[in-house]
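Residue-level listing of the chains:
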Amino acid sequence: MQRQEDEYTGAQEREGLASLVGAIRTRKPLVHHITNMVVMNDTANVTLAIGALPVMAHAREEVEEMVNLAGALVLNIGTLTPEQIEAMLLAGRRANERQIPIVLDPVGAGATHLRTESALRLLRELRIAALRGNASEIGALLGVEGETRGVESISLSEERESVAQRAARQFNCCVTITGARDIISDGRRLAYVDNGHPRLASITGSGCMATALVAAFLAVEADAWKASIAALVALGLAGELAAQKAAGPGTFRSHLIDAIAALDEETIRRGQKVKVIG
């Protein structure tokens, strides 16, 4: 059923979300990524396209020094190694000391013991501002029964809203569960983002791109809930625009980067589909 316009956020909220893109492009924050090597180029390009500056520094010998310069830190376990976790902990502790926000992407949590336990260790030992994953990944961190195949979410035995809210309270951070309808909760507030297109699921790394965008917005917006909503609107809306021009997944990827780069405050103001509950 087509949702009515008045179900979505009002003029004041639209203005606030839209203005964050301008803030990123004015301030050009550095976003430090310790991330998934499969899609590192895409996440770097998405970060650049939204107006922030990416750096991909993984070596233990430099992560603390690099994070000193950053406005936000991304920890993404997509191509996980024990050595990488140690580098993440070093960078994360320094980020916590300097009150630099951290975004964690627990790629493939639930698929293997190493992935699940590594993500939980990062959540225990670091102060995470935002956690972004699919339903089975977030559910796995809570012990909710689900099915993960590789890094893809197949099923979940509990309502996604409940999982997002419980995870936010348990891990004391903002939690985003991405899917056909994105859910964002900080344990108190709940929002849905309905922007997006099925082609986003046809390319590798769209979830990692969402995480990178959360970090870029978090570098200019201290409220992780608002930053996460804005990031998912940006990616979803860009996906809608890119799909209009794409002939397939390859051209969609290129058009997606172009669409993110072309986003402006008016496009976001008119195109965002956000419903806030509470």
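As a reminder, the structure under discussion sits directly above these lines.
Residues numbered from 1 in each chain as written. Predicted model: local features only at pLDDT ≥ 70, side-chain atom pairs only at ≥ 80, totals over all residues. Heavy atoms only, no water.

Draft legend 1. Layout of the pairing of strand S5 (residues 130-133). Burial along S5 is two-sided: Ala 130 and Arg 132 facing one way and Leu 131 and Gly 133 facing the other are all buried. Where strand S4 (residues 102-105) and S5 come together, 2 bridges link them in parallel fashion. Bridge assignment links Leu 104 to a residue of S5, and that residue is Leu 131. This β-α-β element, S4 to helix H5 (residues 113-125) to S5, shows right-handed connectivity. In this sheet, strand S8 (residues 174-177) lies alongside S5 in parallel orientation, the contact comprising 4 bridges. Looking at the pairing, Gly 133 lines up with Ile 177 of S8. (Buried < 20%, exposed > 50% of the residue type's maximum accessible area, 1.4 Å probe, protein only. Helix = DSSP H or I, 4+ residues; strand = E, 2+ residues; numbered from the N terminus. Pairing = 2+ DSSP bridges. Right-handed = clockwise from strand over helix to strand, strands pointing away.)

Draft legend 2. Summary view of the pattern of salt bridges. The full count for this structure, using the stated rule, is 14 salt bridges. Taking the shortest distance from any N to any O, the salt bridge between Glu 64 and Arg 94 comes out at 3.6 Å. One end of the pair, Glu 64, is in helix H3 (residues 60-67); the other, Arg 94, is in helix H4 (residues 82-97), with 30 residues separating them in the sequence. In this structure Glu 64 comes out as partly exposed when scored by relative accessible area, which is 28%. A relative accessible area of 23% means that Arg 94 is categorised as partly exposed. One salt bridge connects Arg 121 with Glu 86, and the closest N-O pair in it is separated by 2.9 Å. Of this pair, Arg 121 sits in helix H5 while Glu 86 sits in helix H4, placing them 35 residues apart in sequence. The class of Arg 121 is partly exposed, set by a relative accessible area of 26%. Within this structure, Glu 86, Arg 93, Arg 121 and Glu 125 form a network of salt bridges that share partners. (Salt bridge = Lys/Arg side-chain N within 4 Å of Asp/Glu carboxyl O.)

Draft legend 3. Highlighting unusual backbone geometry. Positive phi, close to 50 degrees, is recorded for Lys 28, a residue that is not glycine. Along the polypeptide, Lys 28 turns up in the loop between helix H1 (11-27) and strand S1 (30-34). The phi dihedral of Gln 99 falls on the positive side, at around 60 degrees, and the residue is not glycine. The residue Gln 99 is located in the loop between H4 and S4 in this model.

Draft legend 4. Layout of the nonpolar core. Ile 50, Phe 217, Ile 229, Leu 235, Phe 252, Leu 256 and Ile 260 are the most contacted members of the largest nonpolar core, which has 53 residues in total. Among the elements that take part in this core, helix H9 (residues 224-243) stands out by supplying 14 residues, more than any other. When sequence neighbours within four positions are dropped, the list of residues in contact with Ile 50 reads Val 21, Ile 24, Arg 25, Leu 213, Ala 216, Phe 217, Ala 234, Ile 260 and Leu 263. Counting 45 residues, the second-largest nonpolar core is a separate cluster that includes Ile 102, Ala 119, Ile 183 and Cys 208. (Core = buried A, V, L, I, M, F, W, Y, C linked by side-chain atoms within 4.5 Å. Contact = heavy atoms within 4.5 Å.)

Draft legend 5. Inspection of the environment of Val 274 at higher detail. On the secondary structure map, Val 274 appears in strand S11 (residues 274-277). According to the relative accessible area criterion, Val 274 is buried, its value standing at 1%. Between the alpha carbons of Val 274 and Arg 253 there is a distance of 24 Å; along the sequence they are 21 residues apart.

Draft legend 6. Main features of the packing of aromatic side chains. A complete count under the given rule lists 0 aromatic pairs for this structure. Directly above the aromatic system of Tyr 192 lies the positively charged group of Arg 181, at a separation of 4.0 Å from the ring centroid. (Phe/Tyr/Trp six-rings, centres within 6.5 Å; stacked < 30°, edge-to-face > 60°. Lys NZ or Arg CZ within 6 Å of the ring centre and 35° of its normal.)

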